[in-house]
Amino acid sequence: MKNLFTTVLIAFFTSALYSQNHSSAEVLTLQKAFDLAVKNSVQLKIASQYTELAHQKIQINKLYQLPSISTGLNYGYLSNSEVWNPSFSQHVTRELPHQFTELSLTAAEVVFKGGEINTNIQKTKLEEQVAILSQEKNVQDIKFLVAAKYLDIFRLINLKQVYLNNTKLAQQRLKNILTMQKQGMLTQNDVLRTELIISDLELATRKTDNSIIILNQQLNMVIGFPDSKRLMPDSTLLKSIKSIEGIDYFREKSYQENHELKIAAVENTIAVTNIKLLGTDRFPEISLFAKNYLQRPFLSAVPAIDIYTNVWQAGISIRYNISSIYQSTTKIAAGKMQWELSKQKEILTTQNMELSINNYFIKYEEAKDELATLKKDLKSAEENYRIVEKKYFNQLALVTDMTDATNIKLESEIKVANAEINVVYTYYQLLKSAGILF
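Below you will find a few notes about this structure.

Rules and cut-offs
- Residues numbered from 1 in each chain as written.
- Predicted model: local features only at pLDDT ≥ 70, side-chain atom pairs only at ≥ 80, totals over all residues.
- Heavy atoms only, no water.
- Pairing = 2+ DSSP bridges.
- Helix = DSSP H or I, 4+ residues; strand = E, 2+ residues; numbered from the N terminus.
- Axes fitted to C-alpha atoms, helices over the stretch in contact; angles between N-to-C directions.
- Parallel < 35°, antiparallel > 145°, perpendicular 65-115°, else oblique.
- Left-handed = near helix turned anticlockwise from the far one by under 90°.
- Nonpolar A, V, L, I, M, F, W, Y, C, P; charged D, E, K, R; others polar.
- Phe/Tyr/Trp six-rings, centres within 6.5 Å; stacked < 30°, edge-to-face > 60°.
- Expected span 1.5 Å × (residues − 1).
- Polar contact = N/O pair within 3.5 Å; in protein donor to acceptor, adjacent residues only side chain to side chain.
- Core = buried A, V, L, I, M, F, W, Y, C linked by side-chain atoms within 4.5 Å.
- Buried < 20%, exposed > 50% of the residue type's maximum accessible area, 1.4 Å probe, protein only.

## Quick look at the sheet that holds strand β7 (residues 285-296)
To summarise the sheet geometry, strands pair through backbone hydrogen bonds and adopt either a parallel or an antiparallel arrangement.
For step 1, the next point in the chain: Here four strands make up an open sheet; going across it, the order is β2-β5-β7-β8 and the pairing antiparallel. The open sheet has two free edges, formed respectively by β2 (68-77) and β8 (309-319), since each of these has just one partner strand. Neighbour-to-neighbour, the strand axes of the sheet open up by a mean angle of 15°, direction not taken into account.
For step 2, the next point in the chain: Looking at chain direction, β2 and strand β5 (residues 99-112) are connected through 10 bridges and run antiparallel. Note that in β5 the partner of Asn74 across the bridge is Glu102.

## Considerations on the packing of helix α4 (residues 116-182) against helix α10 (residues 399-434)
For step 1, the next point in the chain: At a closest axis distance of 10 Å, the pairing of α4 and α10 adopts a crossing angle of 165°. The pairing of α4 with α10 is recorded here as roughly antiparallel in orientation. When you trace α4 past α10, the crossing you get is right-handed.
For step 2, the next point in the chain: The class makeup of the residues in the contact of α4 with α10 is 18 nonpolar, six polar and seven charged.

## Considering the packing of aromatic side chains
For step 1, the next point in the chain: For the coordinates displayed, the defined rule picks out nine aromatic pairs.
For step 2, the next point in the chain: Consider the rings of Phe250 and Phe361, whose centres lie 6.3 Å apart with planes at 55°: the pair is tilted. Taken as a pair, Phe250 in helix α7 (residues 247-257) and Phe361 in helix α9 (residues 324-393) lie far apart in primary sequence, 111 residues in all.
For step 3, the next point in the chain: Considering the side-chain rings of Tyr392 and Phe393, the 5.3 Å spacing of their centres and the 65° angle between planes classify their relative orientation as edge-to-face.

## With respect to helix α8 (residues 259-279)
Note that an α-helix has 3.6 residues per turn; residues three or four places apart therefore point the same way.
For step 1, the next point in the chain: Between its first and last C-alpha atoms α8 spans 30 Å; for 21 residues at 1.5 Å apiece the expected length is 30 Å, and the two agree.
For step 2, the next point in the chain: The distance from a side-chain oxygen at the start of α8 to the backbone nitrogen of Glu260 is 3.1 Å, and the residue carrying that oxygen is Asn258.

## Details of the nonpolar core
For step 1, the next point in the chain: Formed by 72 residues in total, the largest nonpolar core has its most connected members in Leu30, Val146, Ile223, Leu237, Phe250, Tyr392 and Tyr428.
For step 2, the next point in the chain: For this core, the secondary structure elements donating two or more residues are α2 (30-40), α4, α5 (188-223), β6 (231-233), α9 and α10.
For step 3, the next point in the chain: Ranked by the residues each element gives to this core, the list is headed by α4, at 18 residues.
For step 4, the next point in the chain: Counting six residues, the second largest nonpolar core, distinct from the first, contains Leu126, Val130, Ile263 and Val266.

See below:
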């Protein structure tokens, strides 16, 4: 009687705790979790900053298309002029006005530099594309991370329900065993074995609860919720995965949408642009310039005159780096090696993408097949449990037979619960590998 009372009491509190946890939890759809993660993820905020920085580099390079204007002011003390003859045998000191002032204004504009400015702008625009694609890839990664945590919570909640259902059955069975024990039909061994089963199930339930809390906190961190927030997955998710297109559809989509492949293609273009940029060193730099000087004193006269003079000049400036004749060849060779490397990287990315699509499509089909098989096995296990239980209470089966039937049924239920989540998980893996996890 004491054992029965204890068992009923434990069952009551377990049921109450389960109801309390679920009633206080907020039902969260996976799509809403995606939206919250995109909005609140620190990783995506960092990626967004890189995109803005890449855009700012474009604006900086465009500034080189504009004229450069500078001004300067020098004011100070001017010493006397010391004069020697060529043999330094005679020396004369010439008085100079000691107050020195010089104001300058210079404007220059590059009109030709071998296309370096425009090529630099083109290169930074391509780098901005890489930053945008990387940000989009990060969005896909974050969404998949959210999906994985979300489905893990879903799986554990289903697993907990399996434990609770089996605990309830075991408690009912214990109640019947205790009644039959009083009648001398069953032994204490039957009671102890059943109590051990209940104890194991309750321990598994508590461990599962702890795992749910840990995963919940991890998911909360990604989507921006407080740690104490309890989330309940949407139960309609398992039914929302319908039949999908064939593998050719995902291959085609991956060529269009896969972000790693897009990034590899843009990096290949950047390597080509970089070769063009390295070649601009072989060309002279031609600029238009205008300068204006206001200076005091006038030093071109002897003796110097303490007056302000203003001189301006305008013209064309041509500069050529002679060392580029032998430096550019080596630099361009290195650039071509980088281009070849980026082409091979693009090929490798394509191959990995195709393998990934094939792998996850097969895994998805396998997961569906496994679920169908396990559901059939579960029906058999449930029927076996029903038959053995009936025989057991009619004293036609041993307690070990009852324990085996219970374990087989429990294992089958756990496998089905895991397989249902695995179907959804492999589906999202397939979407991510194709770059269409929206």
